[in-house]
Amino acid sequence: MTITPDSIVYWQGGDFALNATIVFTWLVMALLTLGSWLVTRGLAEDPELSRWQNLLEVLVVGIRDQIAQVSHQQPGPYLPFVGTLFLFIAMANLLNVIPGYMAPTGSLSTTTALAICVFVAVPVFGVASKGAGAYLQHYIKPTPLMLPFNVIGEISRTVALAVRLYGNIMSGTVIVAILLSLTPYFFPVVMQLLGLLTGMIQAYIFAILAMVYIASATTVHEHGEPDEHQHNRPSEP
Amino acid sequence: MEINWITVSAQVVNFLILVWLLKHFLYQPVIRAMDRRDQKIRNRMDEADGREQEALNAKQSYQQKLASFEKQREELLEETRQEARQTRSQMIDQAREETARVRSHWMREVSEEKTAFIDGLRHQSLEVVETVIRKALQDLADERLEERIAHTFIRKLHELDEETREALGRSSEPATIATSFELDPGQRSTLTRAIHELVGADLAVNYTRAPELICGIELTCESQRISWNLSDYLEELTASIEKAFEPLETTEPGV
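- As annotated in an unreviewed UniProt entry, chain B carries the name ATP synthase subunit b and is attributed to Marinobacter profundi.
- According to the UniProt record, the Sequence similarities (unreviewed entry) comment for chain B is "Belongs to the ATPase B chain family."

- In the nomenclature of an unreviewed UniProt entry, chain A corresponds to ATP synthase subunit a from the organism Marinobacter profundi.
- Recorded under Function (unreviewed entry), the UniProt text for chain A is reproduced unchanged: "Key component of the proton channel; it plays a direct role in the translocation of protons across the membrane."

Right, here's the structure in full:
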């Protein structure tokens, strides 16, 4: 039984192995890009919209509203990064219903890669919005004694981000695989549905948490108070 | 649960590429389209607002025009009514005046006719009475009528009060006796004698003819006047006849 798509290798060239994770990632990327391109090449500016354009607009507006709600800022600069996190994870998890497909998010390599992106993006956005000095100061607040804990917190939440997504998706896949061998009919379908729900929730959680981290980096010193978003963030399952 | 770091780096690259791709194919076009649509809708709303404002202005101006037109019409109507009233009252006044004129004319004619009728009647009456009396006196007595009249006059002189007699006696002017008929000298001397007996012999007496007395005799001296004639009786008769006509006048409608 294969647990991670990393172990399925289609082509090996030196150290680089073209495994299922990368292939299915490309598939998801292709679907998202192609779909977007097909719809957006003929965008209407009149009040009469095509259904697909309407769907995309609902998605984009929904993401923008979520970002605005969480960050209390203009969503413009964060939309591509946070929106893509959500759309990629959601699409990767959604395709799980297709037999033979293995979600790239079920690989710890993918989730780690995404978590690293968030880990890097937080200081990038923080420095971009306030400057390096002001951003780095928040590591020694309220006292310089807190520096190691702040750094540890930064790293641990990144690890948690990666492991949470991986664990949820992988567990879903594993459970379905185990159940298939025990009760081959009906019950795995229910678990698949549950897996779809979990996948959507995880996509939402991942994107929202990324936004919360970015928002805390960009707003904490503007208010001169400890970041409140970190205390208000959604409970992590 | 192992991490393939090469795969991780590949996924990082993949993710960044996806971010770029979606930014170019999804977010930017969609947001741009939405913004443009918003702008378009806003423009249309502005345009619609402008048109509404325009329509409102037009409506207001039309209403004003309509109101002024209505006012003007009302004024004209009122003017015309006023004129009509004026003309009507003028015409009524004219008609009244005309009626009054015709009526007064008619009344005058009636009254003239009446006067003429009364005059005629009086004249006729006098003639008839004179004739009748003459005839009656001639038939009844052998003396002439003039003689009887002279006698009656003399009797009347005798009946005069003291005051009149004294007034006549004091008169410096001569007394004039007018008769409707010619007195013969005997009658004249009788009359003169009678007068002298009554008021004194100083008073001179003249005799004249006065046909307007019809049938009678009259003495005038200064402001005194003593007479007996049919004319006086006829005056009375005329007065009574006129009195008889008076109810005729009152029954006529007043103006």
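1. Focus on the overall build of chain A
- The number of helices and strands found in chain A is eight helices and two strands.
- For chain A, with 237 residues in total, the buried portion stands at 38%.
- Sequence separation of 24 or more characterises 64% of the internal contacts of chain A that already satisfy a separation of 6 or more.

2. Things to note about the sheet that holds strand β3 (residues 216–221) of chain B
All names here are of chain B.
- Taking strand neighbours across the sheet as the criterion, the four strands line up as β2-β1-β3-β4 in an open arrangement whose pairing is mixed. Edge positions in the sheet fall to β2 (205–209) and β4 (224–229), since each of these pairs with one other strand and no more. Adjacent strand axes in the sheet meet at a mean angle of 15 degrees when their direction is disregarded.

3. Here we look at the confidence of the model for chain B
- Scored by pLDDT, chain B comes out at a mean of 82, with 87% of its residues at no less than 70.
- When mean pLDDT is taken per element in chain B, helix α1 (residues 5–140) of chain B scores highest with 89 and helix α5 (residues 230–250) of chain B scores lowest with 66.

4. Section: the UniProt feature "transmembrane region" (unreviewed entry) in chain B
- Cross-referencing UniProt, the feature "transmembrane region" (unreviewed entry) maps to residues 6–27 of chain B in the present numbering.
- In residues 6–27 of chain B, the share of helix is 100% and the share of strand is 0%. The end C-alpha atoms are 30 Å apart.

5. A few points about the interface of chain A and chain B
- Each partner contributes residues to the interface: chain A has 34 residues there, and chain B has 28 residues.
- For the side of chain A that touches chain B, the secondary structure elements donating two or more residues are β2 (16–19), α1 (20–40), α2 (51–71), α3 (79–94) and α4 (108–130) of chain A.
- Of the residues forming the side of chain A that touches chain B, the biggest block, nine residues, is contributed by α1(A).
- Of the residues assigned to the side of chain A that touches chain B, the class counts are 19 nonpolar, eleven polar and four charged.

What counts and what doesn't
- Residues numbered from 1 in each chain as written.
- Chains lettered and ligands numbered in written order.
- Predicted model: local features only at pLDDT ≥ 70, side-chain atom pairs only at ≥ 80, totals over all residues.
- UniProt positions renumbered as here; feature names shortened; annotations may be inferred.
- Helix = DSSP H or I, 4+ residues; strand = E, 2+ residues; numbered from the N terminus.
- Buried ≥ 20, exposed ≤ 12 C-beta atoms within 10 Å, placed from the backbone.
- Contact = placed C-beta atoms within 7 Å.
- Pairing = 2+ DSSP bridges.
- Axes fitted to C-alpha atoms, helices over the stretch in contact; angles between N-to-C directions.
- pLDDT = per-residue confidence, 0-100.
- Nonpolar A, V, L, I, M, F, W, Y, C, P; charged D, E, K, R; others polar.

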